[in-house]
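Residue-level listing of the chains:
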Amino acid sequence: MNSALPPVIIGAGPAGLACAKALVEAGLRPIVFEETSRPGGQGTRRLSAAMSSEAIRFMGRRAAAATAAREADEDRVLAACDWRPGTLVWGIFGNHLEIVREGRHDSIPYNQLVIATGATDRIMALPGWTLPGVFSLGGAQVALKNHTSFIGKRIVMAGASPLLYLAAAQYVRMGARDITIVDTARPAGKRRAAFGMAMTSPKTLLEGLQLLLELRRHRIRRINGATLVRAVGAERVEALDIRHPDGTLETISCDALAFGYGLRPETQLAELAGADFRFDETLRNWFPLVDADGRAGPRLWLAGDSSLTGGRVAAAQSGRLAALSMIASQGSEVSDAAEVRSLRGSVARLRRFQAHMAGAFPWPHEAAGDLPADTIVCRCERVTAGEIRDAIRKVAGPAEVNRVKAITRCGMGRCQGRYCGQTLQELTAATCERPVADVGRLRAQAPVRPIPIAASDNDGHQP
Amino acid sequence: MSSNFDVIIIGGGLFGSFTGLFLARSGKRVALLERGLVGAQSSGANFGGLRLQGRSPEQYPLSLMAQGHWENFDGLIGEGCEYDRNGMVYFASSEASRDRLLKYASSSRACGLEIEIWEGDEVRRQLPWLTGSGLTASYSPRCAVANPRITTPAVVRAMTRAGGQLFEGTEVVGIDQGQTSFTVSTPNRPPMTAPVLVNAAGGWAGTICEQFGEPVPLFSAGPPQFVTEPMPYVLKPSVYAIEGDMIIRQTSRGNFIFAGYPRTLANDDGRHTFVPPQKTLNGMRAVGTHVPGFRNAEVIRVWSGVEGYLPDMLPAIGASQTTAGLYHAFGGSGGGFQIAPAVGECLALEICGKKAPVDLSPYSIGRFRSSVEASDKLMREFDPASSSR
């Protein structure tokens, strides 16, 4: 092991950046890999050049000023790092990261690694969800922040997710008016969860309630407790069919739909780096095993939403905790034991808040069992719910998602199961009537993203 | 559930599964034991080639018998395996490799296989996307492909329909040899007993051979394979560089599948083939060299699976030379998928005391009593570090 190697951070979102900052403060010069060309992450994604002049309108004067200060600070930190944007880390083998940057492969040894790859929308397949014009809620935000564009003129935002209200408010601030919100969560569940949310992070709860008031002021239509039936359209999405709590059906005409159900951690690299996984009953999903500081192995730390959903503030705090733990593991004096205790407490509290929020915005696992046979579950390989059920009924032994993948190709395409894996787990469990924790989870394989064949040209090795 | 059987088969790969199928159809009470899931290793993770060209001459009787079964797979098994008689091409780009290609072609023809030779402009016309000059190619229309991922489970289902019993997630931890029977112990089942034991444990078969006093120089490895995103369907036959550095085919839904040597040894836990990034990159580089049109294609998935190799690149099939009632079927050495139906049928006949239609003596485990000459194929297909093992 070469302790002279600089620490490596994958992901320049709030967690990775806070980690980098703490390492720089300790006199280190970490390598920071980021898949996109700019720092920021998803929730705090930086506005495009065209959008940045609209920052005040987009987020309000105070938030815009705070964001500008934070981004300037991040830039100062990155200037003191070995900053490598536009870098895809596609595999981890032994103590080497396999990367592609500017179309070329390279292999980077590491001694201490922080993975802060964040999260993406958690998707449950819906009939018609592969029609053009259907986005994830995060995708709708990217369209606005990155491409200065709405996803449509008559928009439905649907699902059960705090992003539902945030994305809608951002669209409204930028002038979108024809928006309908279909919140599939039941109001009773929200009321039950509110107490726990208020106890763990009243500030975050208040921010959410302010979004609701803002949307009400603009008379944005909001439907509560409905079920999504199907996205409808010939060439592209033209309407969303929903079922109200009283059983009546409604067709909402639209030219764009954004939907999602909370967040799903990006864990493939953590798995390739050797992390173990546990099933979280509350969030009904698999998460990597970490200690209170995010440590997942002798050389491995995980920070931010890629280890456990916690939101932006928890992500930054967990990034800092990981950095302090890395420094301590190298034998240096921990700067401030009280700070570590306080950070651990705060991260744990914010993650409990997210657990309560999962009660307010429940994952509609039961929808998987009811998916019509012709609904596409895996959009990369075009595998339907019916094909998956047939395969599960046919398998020789107990159904397990990796075997279902092998037989049906569900999860074998270019997204490697990131968008269909959650539906596949639930569909497998529902079809064979077993707990979802017992049917496994899709194993990660390198490359975690597609890599161009020409990348093998200049990797500095001879065949 | 009875724990007395006529035959216990260790290993739910394709050799074990076909053996179990044919035995169950002869009325034998069969237990098929699989440590993990059936068809999970090389039986399920191989290239899917049902290749007849380029086999060693002594393998042709078995290989041609097996091809008959593949051609009638639906009838034999009761469901499909995405069998596609797409044909197969070897190409050679140097004088030395051209000689080898012509030698393969004449031995294939001698065994009754139809082979076309393409030279010069004909190669250009057939394979316009291939780079290089002075290419020679041989085309075998009877070669085919199947989808290995779905094949073993289908064969096992047919076996269970015929009365055989499958035990997945059942690892053999001990074998006791009694007067007239073997008792197999596992952590999760009562001991199982049968007068006949079949060692079809693939990359792990060596341990059983050792226990019964007939050690074999078996090692486990797996060829790294990778697949691109779907592209327009343009390539019907499977195409193999005779040097072995690139094997390519396109599925009808558009993905290109690549494999190439050198093969990769299994990693230390022995249960997974680790595909080192350098192997993936070497394979990608070979593809980019032979087919420059692929340079901008993207690889979306890489995989491999453990299989057993023997130094002469021939499997071990048939009765034990030391122990009555023990039979072997392992060591596919990269060519096991295609011959598996015939391996299963011949071994089942032998176990039932009938004469197999193919002479199994070239595959006898007895050949390892004296040292076996390593095949030149082994030398070509493994990197030096592997073949020195």
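Residues numbered from 1 in each chain as written. Chains lettered and ligands numbered in written order. Predicted model: local features only at pLDDT ≥ 70, side-chain atom pairs only at ≥ 80, totals over all residues. Heavy atoms only, no water.

1. As for the interface of chain A and chain B
Here is step 1 of the chain: In this complex, chain A contributes 34 residues to the contact, which on the side of chain B involves 35 residues.
Here is step 2 of the chain: Together chain A and chain B conceal approximately 3,100 Å² of surface at their shared face, both sides included; 56% is due to carbon and sulfur atoms.
Here is step 3 of the chain: Looking only at chain A, the three residues that lose the most surface to chain B are A:Arg403, A:Arg409 and A:Ile453, adding up to 21% of its buried area.
Here is step 4 of the chain: At the boundary of chain A with chain B, the tally comes to seven salt bridges.
Here is step 5 of the chain: Between B:Glu229 and A:Arg414 there is a salt bridge; the shortest N-O distance is 2.4 Å.
Here is step 6 of the chain: Our count for the chain A to chain B interface comes out at 15 residue pairs in polar contact (both at pLDDT 80 or more).
Here is step 7 of the chain: Those elements giving two or more residues to the side of chain A that touches chain B turn out to be strand 4 (87-93), helix 14 (401-408) and strand 24 (451-452) of chain A.
Here is step 8 of the chain: For the side of chain A that touches chain B, the per-class residue count stands at 17 nonpolar, seven polar and ten charged.
Here is step 9 of the chain: The pairing of strand 24 of chain A with strand 19 (residues 298-303) of chain B spans two bridges and is antiparallel. The partner of A:Ile451 across the bridge, within strand 19 of chain B, is B:Val299. (Contact = heavy atoms within 4.5 Å. Buried area = accessible area lost by both parts, 1.4 Å probe. Salt bridge = Lys/Arg side-chain N within 4 Å of Asp/Glu carboxyl O. Polar contact = N/O pair within 3.5 Å; in protein donor to acceptor, adjacent residues only side chain to side chain. Helix = DSSP H or I, 4+ residues; strand = E, 2+ residues; numbered from the N terminus. Nonpolar A, V, L, I, M, F, W, Y, C, P; charged D, E, K, R; others polar. Pairing = 2+ DSSP bridges.)

2. Some details on helix 1 (residues 14-25) of chain A
Residues and elements named next belong to chain A.
Here is step 1 of the chain: Helix length check: helix 1 (twelve residues) gives 16 Å between terminal C-alpha atoms against 16 Å at 1.5 Å per residue, within 8%.
Here is step 2 of the chain: What helix 1 keeps buried is the set Ala15, Gly16, Leu17, Ala18, Cys19, Ala20, Ala22 and Leu23.
Here is step 3 of the chain: Buried residues along helix 1 sit in contact with strand 1 (8-10), strand 2 (31-33), helix 4 (61-79), strand 7 (113-115) and helix 10 (311-329).
Here is step 4 of the chain: Just downstream of helix 1 lies glycine 27, where phi reads positive at about 90°. (Expected span 1.5 Å × (residues − 1). Buried < 20%, exposed > 50% of the residue type's maximum accessible area, 1.4 Å probe, protein only.)

3. Concerning unusual backbone geometry
Here is step 1 of the chain: The residue after A:Ala446, namely A:Pro447, is reached through a cis peptide bond having omega -5°.
Here is step 2 of the chain: Phi is positive for B:Met313, close to 60°, though the residue is something other than glycine.
Here is step 3 of the chain: Within the secondary structure layout, B:Met313 lies in the loop between strand 20 (307-309) and strand 21 (316-319).
Here is step 4 of the chain: Non-glycine residue B:Ser333 carries a positive phi angle of around 50°.
Here is step 5 of the chain: You can see B:Ser333 is positioned in the loop between strand 22 (326-330) and helix 10 (336-351).

4. Side note on the sheet that holds strand 9 (residues 134-136) of chain A
Residues and elements named next belong to chain A.
Here is step 1 of the chain: Taken in spatial order, the five strands line up as 9-16-10-11-12 in an open sheet, and their pairing is parallel. The two strands at the open ends of the sheet, each matched to only one other strand, are strand 9 and strand 12 (221-224). Between one strand axis and the next, the sheet turns through 20° on average, direction left out of account.
Here is step 2 of the chain: Across five bridges, strand 10 (residues 155-159) lies against strand 16 (residues 256-260) in parallel orientation. The partner of isoleucine 155 across the bridge, within strand 16, is alanine 256. (Axes fitted to C-alpha atoms, helices over the stretch in contact; angles between N-to-C directions.)

5. Some remarks on the domain arrangement of chain B
Residue and element names in this part refer to chain B.
Here is step 1 of the chain: Taken as a whole, chain B is organised into domain 1 (7-62 + 148-218 + 310-373) and domain 2 (85-141 + 220-306).
Here is step 2 of the chain: For domain 1 versus domain 2, the distance between C-alpha centres works out to 28 Å.
Here is step 3 of the chain: Counting each side, the surface lost to burial between domain 1 and domain 2 is near 2,000 Å², with a carbon and sulfur contribution of 55%.
Here is step 4 of the chain: Summed over the three residues of domain 1 that lose the most area to domain 2, namely Phe47, Gln53 and Tyr60, the buried surface amounts to 39% of that side.
Here is step 5 of the chain: Taken together, domain 1 and domain 2 are joined by zero salt bridges.
Here is step 6 of the chain: Across the contact surface, domain 1 and domain 2 share eight residue pairs in polar contact (both at pLDDT 80 or more).
Here is step 7 of the chain: For the side of domain 1 that touches domain 2, the residue count by class is six nonpolar, nine polar and four charged. (Domains from an automatic or database assignment.)

6. Comments concerning the environment of A:Ala226
Here is step 1 of the chain: For A:Ala226, the location among the structural elements is in the loop between strand 12 and strand 13 (227-232).
Here is step 2 of the chain: Distance from A:Ala226 to A:Glu400, taken between C-alpha atoms, is 32 Å for residues 174 residues apart in sequence.

7. Quick notes on the nonpolar core
Here is step 1 of the chain: With 108 residues, the main nonpolar core has A:Leu97, A:Met157, A:Tyr171 and A:Val182 as its most contacted residues.
Here is step 2 of the chain: The element best represented in this core is helix 6 (residues 162-173) of chain A, accounting for eight residues.
Here is step 3 of the chain: B:Val30, B:Val196, B:Val198 and B:Ala356 belong to the second largest nonpolar core, which has 49 residues in total. (Core = buried A, V, L, I, M, F, W, Y, C linked by side-chain atoms within 4.5 Å.)

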